[in-house]
Amino acid sequence: MRIVVTGTRGIPHIQGGVETHCQELYPHIVTAGHEVILIRRSCYVTPENKIPSYKGVKLLDIYAPRKKSLEAIVHSFLAVIKAKRLKADILHIHAIGPSLVVPFARLLGLKVVMTHHGTDYDRQKWGKIARFSLKSGEKWGVTYANEVIVISTVINEIIQKKYHRMDAHLIFNGVPEPVRISSSAYIESLGLQKEKYIFAMGRFVPEKGFDLLVKAFSEIKDNPFRLVIAGDADHEDTYSKELKKLAQEHHVVLTGFISGAGLQELLTHAHSFVLPSYHEGLPISLLEAMSYNLDVLVSDIPANLAVNLPQENYFKTGEAKELSAKLKTKISRGKQNISYNMKPYYWENISQQILDVYKKATSNHNIQSF
């Protein structure tokens, strides 16, 4: 089976939840004996990352303008044309923005699988026109894709209620096996000590709530711990600049976007993990922290509640005082190694579920019509 993938900025080691999802998923699909061609947005491909393949996944770079309001739709339109020329058995489109092109892909005769990663129109960075486009992408993708995948029960309930699509496949985000790093050379280079820092990671956008986190952490008096935030902005804007300034004022360690051994070392030696988001699909960063047995503290948004953590691991979304108080409690009791049930998030199981969706989409018995 030839599977063409779009809707992602690209892999490997490109910041973003969808990007991490694709980087982990598609090597498993290749291992199962299928051809995967992942189309990357040219504006995110650096000279160091200009490679023909990654773990058997073929990489194809297609033009995308480096402008957040245009890059997804322009790139996705070009990707659909390329998928048709490549005679794809399956075109897999990730996220609701790129899914604006699902009807076009169907008109070209392609079998389309769409993964709904979250209601991106709820993100604070988008204006009215962008929100309308994202909502349209959700509607068109959910309505016209041969098969729809959702990554959480929350998203599944949304599309059932809004579009009466009752046959979506619930397949969770996954997490790789943790690689624990005994060395502490990297964290020491950042001025950190083992188990003496609180860790967070994600893109520098308003809905991640990192400004709230910095303010809440700074309210803890006589605090021997450091706050570390890994990540950066895709597009530098007022929020990301102000966040970096705020972090500097409060002596927060910003690592920039990081992956591989550096990230593994940070996760290995962290005291705990915090995710103060206002919006998520099913956060891979949280799943990664859980795989390292870290004590976690997260906002009580639906996506985080769906992970079914104990109540003490949640704080009321947007409430800096409660976040500060719960962080102080965690710091006072020392590092906790917590064993979570990670079986639903193993990539081996997830990749097989997705292959089953592909087989259904290409089956003669598939009844979804355009």
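Refer to the structure above for everything that follows.
What counts as what
Residues numbered from 1 in each chain as written. Predicted model: local features only at pLDDT ≥ 70, side-chain atom pairs only at ≥ 80, totals over all residues. Heavy atoms only, no water. Helix = DSSP H or I, 4+ residues; strand = E, 2+ residues; numbered from the N terminus. Rg over C-alpha atoms; globule rule 2.2 N^0.38 Å. Buried < 20%, exposed > 50% of the residue type's maximum accessible area, 1.4 Å probe, protein only. Contact = heavy atoms within 4.5 Å. Areas by Shrake-Rupley, 256 points an atom, 1.4 Å probe, with all protein chains shown as cover. Lys, Arg positive; Asp, Glu negative; His and termini not counted. Charge placed at Lys NZ, Arg CZ, Asp CG, Glu CD. Pairing = 2+ DSSP bridges. Axes fitted to C-alpha atoms, helices over the stretch in contact; angles between N-to-C directions. Parallel < 35°, antiparallel > 145°, perpendicular 65-115°, else oblique. Left-handed = near helix turned anticlockwise from the far one by under 90°. Nonpolar A, V, L, I, M, F, W, Y, C, P; charged D, E, K, R; others polar. Right-handed = clockwise from strand over helix to strand, strands pointing away. Disulfide = S-S within 2.5 Å. Core = buried A, V, L, I, M, F, W, Y, C linked by side-chain atoms within 4.5 Å. 1 Å grid on protein atoms, 1.4 Å probe; cavity = no way out; pocket = protein on both sides within 12 Å on 5 of 7 lines; lining within 4 Å. Points joined across faces, edges and corners; volume = space filled by probe spheres on them. Phe/Tyr/Trp six-rings, centres within 6.5 Å; stacked < 30°, edge-to-face > 60°. Lys NZ or Arg CZ within 6 Å of the ring centre and 35° of its normal. Salt bridge = Lys/Arg side-chain N within 4 Å of Asp/Glu carboxyl O.

### Overview of the overall build of the chain
Of regular secondary structure, the chain possesses 13 helices and 14 strands. Taken over the C-alpha trace, the chain has a radius of gyration of 20 Å; the compact-globule value for 370 residues is 21 Å, and the two agree within 12%. Within the chain, the fraction of its 370 residues that count as buried is 55%. A separation of at least 24 residues holds for 67% of the contacts in the chain among residues at least 6 apart in sequence. Carbon and sulfur atoms make up 52% of the accessible area of the chain, which totals about 16,100 Å². Of the charged side chains in the chain, 46 are positive and 36 negative; the average position of the first set lies 5 Å away from that of the second.

### Considering the sheet that holds strand β8 (residues 169-170)
In a beta sheet, neighbouring strands are held together by backbone hydrogen bonds and run either parallel or antiparallel to one another. Pairing is mixed across the open sheet formed by eight strands, whose spatial order is β3-β4-β2-β1-β5-β6-β7-β8. The sheet is open, and its two edges are formed by β3 (53-54) and β8, each paired on a single side. In this structure, strand β1 (residues 2-6) lies alongside strand β2 (residues 35-41), joined through four bridges in parallel fashion. Paired with V4 across the strands is I37, a residue of β2. Here helix α2 (residues 71-85) sits on the sheet in contact with β1, β2, β4 (57-62) and β5 (90-94), set at roughly 145 degrees to β2. Sheet contacts for helix α4 (residues 128-144): β6 (112-116) and β7 (147-150); angle to β6, the most-contacted strand, approximately 135 degrees.

### What to know about the packing of helix α7 (residues 210-218) against helix α12 (residues 320-332)
One can describe the packing of α7 onto α12 by two numbers: an axis separation of 8 Å at closest approach and a directional angle of 60 degrees. One finds that α7 runs oblique with respect to α12. Considering how the two elements wind past one another, α7 and α12 form a crossing that is right-handed. Between α7 and α12, the residues in contact are L212, L213, A216 and F217 and A320, L323, S324, L327 and I331, respectively. In terms of residue class, the contact of α7 with α12 is built from eight nonpolar, one polar and no charged.

### Some details on the pairing of strand β11 (residues 253-256)
Looking at chain direction, strand β10 (residues 226-230) and β11 are connected through three bridges and run parallel. From the neighbouring strand, A230 faces β11, where its bridge partner is G256. Between the parallel elements β10 and β11, the chain passes through helix α8 (residues 238-249) in a crossover that is right-handed.

### A short note on the state of the cysteines
Counted under the stated rule, the structure contains zero disulfides. With no disulfide of its own, C43 lies 16 Å from the sulfur of C22, the closest cysteine sulfur.

### Here we look at the nonpolar core
Grouped together as the largest cluster of nonpolar side chains are 61 residues, with contacts concentrated most on F199, F273 and M290. Broken down by element, the residue count for this core peaks at four residues, all from helix α10 (residues 284-291).

### Some words on the layout of surface pockets
What the second largest pocket holds in volume is close to 230 Å³. Lining the second largest pocket we find 13 residues, and of these H13, I14, Q15, Y44 and F257 sit closest to its centre. For the lining of the second largest pocket, a count of residues per class yields five nonpolar, four polar and four charged.

### Let's talk about the side chain of S351
Within the secondary structure, S351 sits in helix α13 (residues 347-362). Residue class for S351 comes out buried when judged on its relative accessible area of 7%. With residues up to four places along the chain from it excluded, the contact list for S351 reads L25, H28 and I29.

### Overview of the environment of T317
As for its position among the elements, T317 is in the loop between β14 (314-315) and α12. In this structure T317 comes out as partly exposed when scored by relative accessible area, which is 23%. Sequence spacing of T317 and V296 is 21 residues, and the spatial spacing of their C-alpha atoms is 15 Å. Look past the residues within four positions of T317 in its chain and what remains in contact with it is S277, Y278, S299, D300 and I301.

### Looking at the packing of aromatic side chains
Evaluated as defined, the whole model comprises four aromatic pairs. Relative to F210, the ring of F204 lies with its centre 6.0 Å away and its plane at 75 degrees, an arrangement referred to as edge-to-face. Take F204 and F210: they sit in the same class, and that class is buried. Residue placement shows R66 over the ring face of Y44; its charged tip is 4.4 Å from the ring centre.

### Quick notes on the pattern of salt bridges
One pass over the full model with this rule turns up 17 salt bridges. Between K208 and E280 there is a salt bridge whose closest N-O contact spans 2.8 Å. Here the residue K208 occupies a position in the loop between β9 (197-201) and α7, and E280 occupies one in the loop between β12 (272-275) and α10, the gap between them amounting to 72 residues. Judged by its relative accessible area of 10%, K208 is buried. Using a relative accessible area of 12% as the deciding quantity, one classes E280 as buried. In this structure, the salt-bridge partner of R333 is E312, at a minimum N-O distance of 3.6 Å. With R333 in the loop between α12 and α13 and E312 in the loop between α11 (302-305) and β14, this residue pair connects regions lying 21 residues apart in the sequence. In the salt-bridge network here, residues are joined through shared partners; they are R9, E19, R203 and D234.

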